[in-house]
Amino acid sequence: MIPVIFAVMSRVNPRPLFNGHQGNCHMARLTSRVAALTLIALACQGTAHAADAVLNIYPARHYQTDEALYNDFTKQTGIKINRLDGKEDELLERIKNEGANSPADILITVDAARLEIADSLGLFQPIQSKVLNARIPAHLRTPTWVAFSTRARVIAYNKNAVKAEWVQTYADLANPRLKDQVCVRSGSHPYNLSLGAAMIAHEGEAKTENWARGLVANFARAPKGGDTDQLKAVAAGECGVTISNSYYLARLMRSTKPEDRKVVESLGVAWPNQKSWGTHINISGAGIIKTAPNRDAAIKFLEYLSSDKAQAYFADGNNEWPAVSAVKIDNPALKALGTFKPDTLPVGDLARNAAKAQKAFDRAGWR
Ligand code: FE
């Protein structure tokens, strides 16, 4: 019997993971004052049978409704899932450091650029699956990672302060007409970098940098908070317009809280760039780690994520659009948002431009 020690670092979810191991586990918790990280050392006298089918997932996607995905997969296949939740960069660092001994089978993230970073670090292996090739559209996969859901970066505006026709394109947000009206989260955030990356692919670096300059000149305040904070600030009249991921909006639309209803009533939503390259979409996706000890189970899980049932969880649970477009959506907020022309830039291209977008935004002063 060999004792197994896992050091789990997670700001997001400090509970012990890989808890599928049976036997006596002793847990010690230390909190670093410097980095505010919680370090959990979990020592287990492992008695799990080697034949137990398991899958080790490192998710940087933390939505409560995803529990249903994991539980349903285990129910369908008998494969037990061990999870190590964390932020993207922590998980990437961890897989890198674990090297050939990494127990990780799958990395899940909510951003194309992070998947591409993992790939460029050589952490992924090629995915060969006829099921995934048939189910997931070609622009939503690369040879080493696959997208399972999409989210649109939409424009939301205060109907009393801004006219719909003023905000029909991302470029419109840099128009001096919107001076002191724009609230938006940090230019370093992957959601904005991904938008910048798409813009670079369609319009070039110089134009993207100029756009960012115009946007910054229109700021109502320095970037702070997440997309939901911007939506609330727009509704409150603190600013006139923002850019937000669609699911934050859908979440507010489905909320029964009176204060959220008020926010939604104040907002207008525009699908940007319908007459040109389409509304920018980012993805949530996954890749299989090169050294995955449970490769077959990993393929099974990715194929499961493309199934009608799993795809419906993404839509109904977390207000994202399924990558498999034929899947029926029951989500009332997604239905109310309606249809739009999405950008169909291959997700790999998108990811590759993220570093250029960061430099352009830095030069433009979008902190
Ligand atoms: Fe998000």
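For the structure itself, look to the data block above.
As a starting point, this report considers the structure included with it. (Residues numbered from 1 in each chain as written. Predicted model: local features only at pLDDT ≥ 70, side-chain atom pairs only at ≥ 80, totals over all residues. Heavy atoms only, no water.)

The subject of this paragraph is the coordination of the iron ion. The protein atoms that coordinate the iron ion are Tyr191 (OH), Tyr247 (OH) and Tyr248 (OH), at distances of 1.8 to 2.1 Å. On the primary sequence, the residues serving as donors to the iron ion are separated as Y-x55-Y-Y. Looking at Tyr247, the relative accessible area reads 0%, which means it is buried. (Donors = N, O, S within 2.8 Å, 3.2 Å for Na, K, Ca; no water. Buried < 20%, exposed > 50% of the residue type's maximum accessible area, 1.4 Å probe, protein only.)

For the rest of this paragraph, the subject is the pattern of salt bridges. Overall, the coordinates contain 21 salt bridges when judged by the stated rule. As a salt-bridge pair, Glu320 and Arg61 come within 2.8 Å of each other at their nearest N and O atoms. Separated by 259 residues along the polypeptide, Glu320 in the loop between helix H11 (308-318) and strand S12 (321-322) and Arg61 in the loop between strand S4 (54-59) and helix H1 (66-77) bring together distant segments of the chain. When sorted by exposure, Glu320 lands in the same class as Arg61, which is buried. Here Asp227 and Arg153 are joined by a salt bridge, their closest N and O atoms 2.7 Å apart. Residue Asp227 is found in helix H7 (residues 227-235), and its partner Arg153 is found in strand S7 (residues 145-158); the two are separated by 74 residues along the sequence. No difference in accessibility class separates Asp227 from Arg153, as the two residues are buried. A cluster of three or more residues bridged by salt bridges with shared partners is formed by Arg61, Asp66, Arg151 and Glu320. (Salt bridge = Lys/Arg side-chain N within 4 Å of Asp/Glu carboxyl O. Helix = DSSP H or I, 4+ residues; strand = E, 2+ residues; numbered from the N terminus.)

What follows is about the pairing of S7. Counting buried positions along S7 gives 14 out of 14 residues, so the element sits mostly inside the fold. Of the strand pairs in this sheet, S7 and strand S11 (residues 281-288) are connected by seven bridges, and their pairing is antiparallel. Residue pairing across strands places Arg151 opposite Asn282, the latter belonging to S11. Relative to S12, S7 is paired through two bridges, and the arrangement is antiparallel. Counted as the bridge partner of Ser149 is Pro322 from S12. In terms of strand pairing, S7 meets strand S9 (residues 241-245) through five bridges, oriented antiparallel. Looking at the pairing, Ala156 lines up with Thr242 of S9. (Pairing = 2+ DSSP bridges.)

Let us now look at the side chain of Asp111. Within the fold, Asp111 resides in the loop between strand S6 (106-109) and helix H3 (112-120). Among buried charged residues, Asp111 stands out as having no salt bridge; its nearest opposite-charge side chain is Arg114, 4.2 Å away. A polar atom in the side chain of Asp111 sits 3.3 Å from the backbone nitrogen of Arg114. Among the polar contacts listed, one links the side chain of Asp111 to the side chain of Asn282, at a separation of 2.8 Å. Not counting residues within four places of it along the chain, the set of residues in contact with Asp111 comprises Pro190, Ser194, Asn282 and Ile283. (Lys, Arg positive; Asp, Glu negative; His and termini not counted. Polar contact = N/O pair within 3.5 Å; in protein donor to acceptor, adjacent residues only side chain to side chain. Contact = heavy atoms within 4.5 Å.)

What follows concerns the packing of aromatic side chains. Scanning the model with the defined rule gives 14 aromatic pairs in all. Ring centres of Phe73 and Tyr304 lie 5.6 Å apart, and the angle between their planes is 55°; on these two criteria the pair is classed as tilted. Highlighted residues: Phe73 in helix H1 and Tyr304 in helix H10 (residues 295-305), separated in sequence by 231 residues. For Phe73, a relative accessible area of 0% puts it in the buried group. Put simply, the rings of Tyr70, Phe73, Phe301 and Tyr304 touch in pairs and so form one group of aromatic residues. (Phe/Tyr/Trp six-rings, centres within 6.5 Å; stacked < 30°, edge-to-face > 60°.)

Attention now moves to the environment of Ala336. Note on placement: Ala336 falls in helix H12 (residues 332-337). Taking the C-alpha atoms as reference points, Ala336 and Ala250, 86 residues apart in sequence, are found 9.0 Å from one another.

Here we come to the nonpolar core. Core analysis: the largest hydrophobic core is formed by 106 residues, its most contacted members being Leu55, Ile106, Leu107, Phe148, Trp211, Phe301 and Leu302. Apart from the residues lying within four places of it in its own chain, the contact partners of Leu55 are Phe73, Ile79, Lys80, Ile81, Asn82, Asp105, Ile106, Asn294, Ala297, Ala298 and Phe301. (Core = buried A, V, L, I, M, F, W, Y, C linked by side-chain atoms within 4.5 Å.)

Attention now moves to unusual backbone geometry. If a residue is not glycine, its phi is most likely negative; likewise, a peptide bond is most likely trans. Notably, Asp180 is not glycine yet its phi reads approximately 65°, a positive angle. Looking at the secondary structure, you find Asp180 in the loop between S7 and strand S8 (182-183). A positive phi is found at Asn273, a non-glycine position, where the angle reads about 60°. For Asn273, the location among the structural elements is in the loop between strand S10 (267-270) and S11. Residue class for Asn273 comes out buried when judged on its relative accessible area of 4%.

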